[in-house]
Structures are given as structure tokens and as C-alpha cells.
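Chain and residue survey
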Amino acid sequence: MDLPEKELQERNLQLREEVQRAAGRQISDEGWEFFVEKEAADDEPFSRHLVDLMLEQLPYYSMVGRRPPSRRIMQPAPNETIQAYEDALAWFASRTPSFSVERFRASVVGRKLVTPSEARDWLNDRLEAEGLERGLPASYRHLVSVPKDSLLPVMEVQIVELRDPVDGLDYWAPVLPGESDANWLRLTAKNWAADVGCTNGMATLWVISGVTPSVEMVSAVFHPAAPTKAFGERIELTVDPATPPEDVMLAYKKARTAIAGGRVRTPTSKHLRLAVFADQKPAGEKWVETMRRWNDAYPAWEYEYVPNFWRDCDRALKRFLKDRPFTRGEE
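Please read all numbers here as calculations on a predicted model, not as lab measurements. (Residues numbered from 1 in each chain as written. Predicted model: local features only at pLDDT ≥ 70, side-chain atom pairs only at ≥ 80, totals over all residues. Heavy atoms only, no water.)

**A closer look at the packing of helix α1 (residues 5–23) against helix α3 (residues 48–57)**
Put simply, the rule is: Only C-alpha atoms enter the line fits that serve as axes; for helices the fit covers just the stretch in contact. Angles between N-to-C directions range over 0 to 180 degrees. In DSSP terms, a helix is any run of H or I states spanning at least four residues, a strand is any run of E spanning at least two, and both are numbered starting from the N terminus. Here the word oblique covers every angle except those under 35 degrees (roughly parallel), over 145 (roughly antiparallel) and from 65 to 115 (roughly perpendicular). Note: crossing handedness is left-handed where the near helix turns anticlockwise from the far helix by less than a right angle, and right-handed where it turns clockwise. Whether two residues touch is decided by their heavy atoms; if any such pair falls within 4.5 Å, the residues are in contact. Side-chain classes follow a simple rule in which Ala, Val, Leu, Ile, Met, Phe, Trp, Tyr, Cys and Pro form the nonpolar group, Asp, Glu, Lys and Arg form the charged group, and the remainder, Gly included, forms the polar group.
With their axes 10 Å apart at the nearest point, α1 and α3 run at an angle of 55° to one another. One finds that α1 runs oblique with respect to α3. The hand of the α1/α3 crossing is right-handed. Along the contact surface, α1 presents Arg-11, Leu-15, Glu-18, Val-19, Arg-21, Ala-22 and Ala-23, while α3 presents Arg-48, Leu-50, Val-51, Met-54 and Leu-55. The residue inventory of the contact of α1 with α3, partitioned by class, reads 8 nonpolar, no polar and 4 charged.

**Quick word on the packing of aromatic side chains**
Pairs of aromatic rings are described using the distance from one ring centre to the other and the angle between the two planes. Put simply, the test is: Any two of the Phe, Tyr and Trp rings considered here, Trp counted by its six-membered ring, make a pair once their centres fall within 6.5 Å; the pair's planes then place it as stacked at under 30 degrees, edge-to-face at over 60, or tilted in between. Only protein chains enter the accessibility calculation, which uses a 1.4 Å probe; a residue whose area is less than 20% of its type maximum is buried, one above 50% is exposed, and one in between is partly exposed.
Across all of its chains, the model carries 10 aromatic pairs by this definition. With centroids separated by 5.2 Å and ring planes inclined at 85°, the aromatic side chains of Phe-104 and Trp-184 adopt a geometry described as edge-to-face. Of the two residues, Phe-104 is situated in helix α6 (residues 99–109) and Trp-184 in helix α8 (residues 181–196); the sequence distance between them amounts to 80 residues. Under the relative-accessibility criterion, Phe-104 is labelled buried at 0%. With a centroid separation of 3.9 Å and 10° between ring planes, the pair formed by Trp-192 and Trp-206 is classed as stacked. Of this pair, Trp-192 sits in helix α8 while Trp-206 sits in helix α9 (residues 200–209), and the two are 14 residues apart along the sequence.

Okay, here's the thing in C-alpha cells:
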């Protein structure tokens, strides 16, 4: 039998305080709502055992790891030719809806498309109704605009996305597999976005409201590394094949400058080998033996004196970890 509502709220509050204190970190309101509904049954009272169980699950949730969200890097305003090309792409891609889009509109939206300013409310109403009907937790029943990377568990459900033309923000909500309007919309929009080259959120808005999406010839997204990882940053470019090569180069240059500044220093091959060699040095091995192994492996970079070898290893390792390309993006 579920706990009374007031008792359940008090339990969740106490549980949150204890979990955050033990973990040494804060959890967002949206993140906690999702987490507690997934990991704590409504009929279980507060206990030390429950706190320990919750703490065991924390590593599996990216919302707790506070992974920095990916972010789009704005490109310079396109020239007239590029703007005209992007507008033409958007128009010709959207003027004739596919069979799956027409079927969804006829079955779910109705004869008249949703007014763009009411698109978010329209989707929220359906999420709420489906959530109640299927007994889903509250976190499945409304769109949110928080960064996806900071809230979704690592190995969890798919999401439906929506670009709200009122504020220009991207909203999303988790969607369970199965027969539901929200999941049908997710699949329809995702497939159409892949065909057109726009974002999933823009595709969803087009499906239900008919708003022509923006299609960029070149878009750039920066994916930071997780705080627990030393590396993994990536700049992702999506390029229309008609884009001139020089425009791709300029887009990447601007993206890298926005993340790493004007200069990225790449160590020499010798110093990169030294950094790895130093990091792989067995515990307890004397530096004279390490130097001997180095000279055998890399005779072209042979060392005669152990102090010089140790100094170069130490510098190479520290500089590589300190000066890696996108460190600045995490600070």
C-alpha cells in the first residue's frame, strides 16, 4: 500500500537531503523527481537501507554526474547565396509531406494543424493524458527545457523533442516504447528530420504545425567530456554536400576558436611518446631501467642521462594533460 501523500513528500525530502549529503553534490529538482520515481517505491518508508540503495544507483545517472551539455556553436550569418540555398532546401523538403506524416496528421492532429504558439501546450496535453492512462510517473508527462545530457539516465528511454517558436527553446520529454501518440510523433519527426537535415525539435514542430524548419548547410556542435573523463571532447560538423570546402574549413575554424581559443598546441611525436611511456612506467621500476627500455624502443631519441630523461618525461606528461585542445571548454 502506498504511503499517504504527505508522508511520501516528507520521505522524499528527507531522502533527497541524505542522498545529496552522502554523495557530496546537489541534484536538480527535475533530476530528483525523475530519479526518485525510478528508484524508490511509493510504499517504502525512509530508512538507512533505502538511502544506501539510492546511492548505489547514482553512478548510472548522468543527471548526477553533471556531464556538461552539448551545445551548438553559432555560425556567421550566411551570405545571400547560402541563405537562398538553405531556404530552398527547407521549402522543397517540407512542401510535400511523406505518407507517415500525413497519416499522423490525419489520425492525431486533425484537419487543421496546431497553431505554432500552441504547439508546446498541445504536446503537453497529450503527454499528460497518456501518462495518466498508462500510469507513468510525472517526469514523463510534460516537456522540459533543461539540457538533455544533464538529466537523462545513461541507459534509458527515448525522447520526443519540440522547438517552441514562442521562445526559441528546445523542449523534450521521455517517451516509453509502445503504441502512443507521443512515441508515434517521436518516430515520425525523427525519420523526417533525418531525411531533411534539420533538428528533431524542428521536425516535430513542422509535423504538428507546418512551420518550415531551418536547414543549415553547415552546423557545429561541441560535445564536452564528462567530468570523470580526461578526454572525449568532440566538435561535430554536419555538412550538406553542396557546401564549398572553404566554408567547411571556416566553420570548423570558428568552432574550434570558440572552444579552445585562437591556438591549439599539439606536442611533437617524441613528446607524445614520452608522455605515454612515462604514464605506463611500472610502479617501483627505477628510472635507469625505464630509460634503458625507452632507448631500446626509440633509438632515434636515445638518452644518455637519467635526469634529462626523467625531466622530459615529467614535462611531456604534464603538458599533454594540461594543454590538451579543449581543456578550456570545461573550465
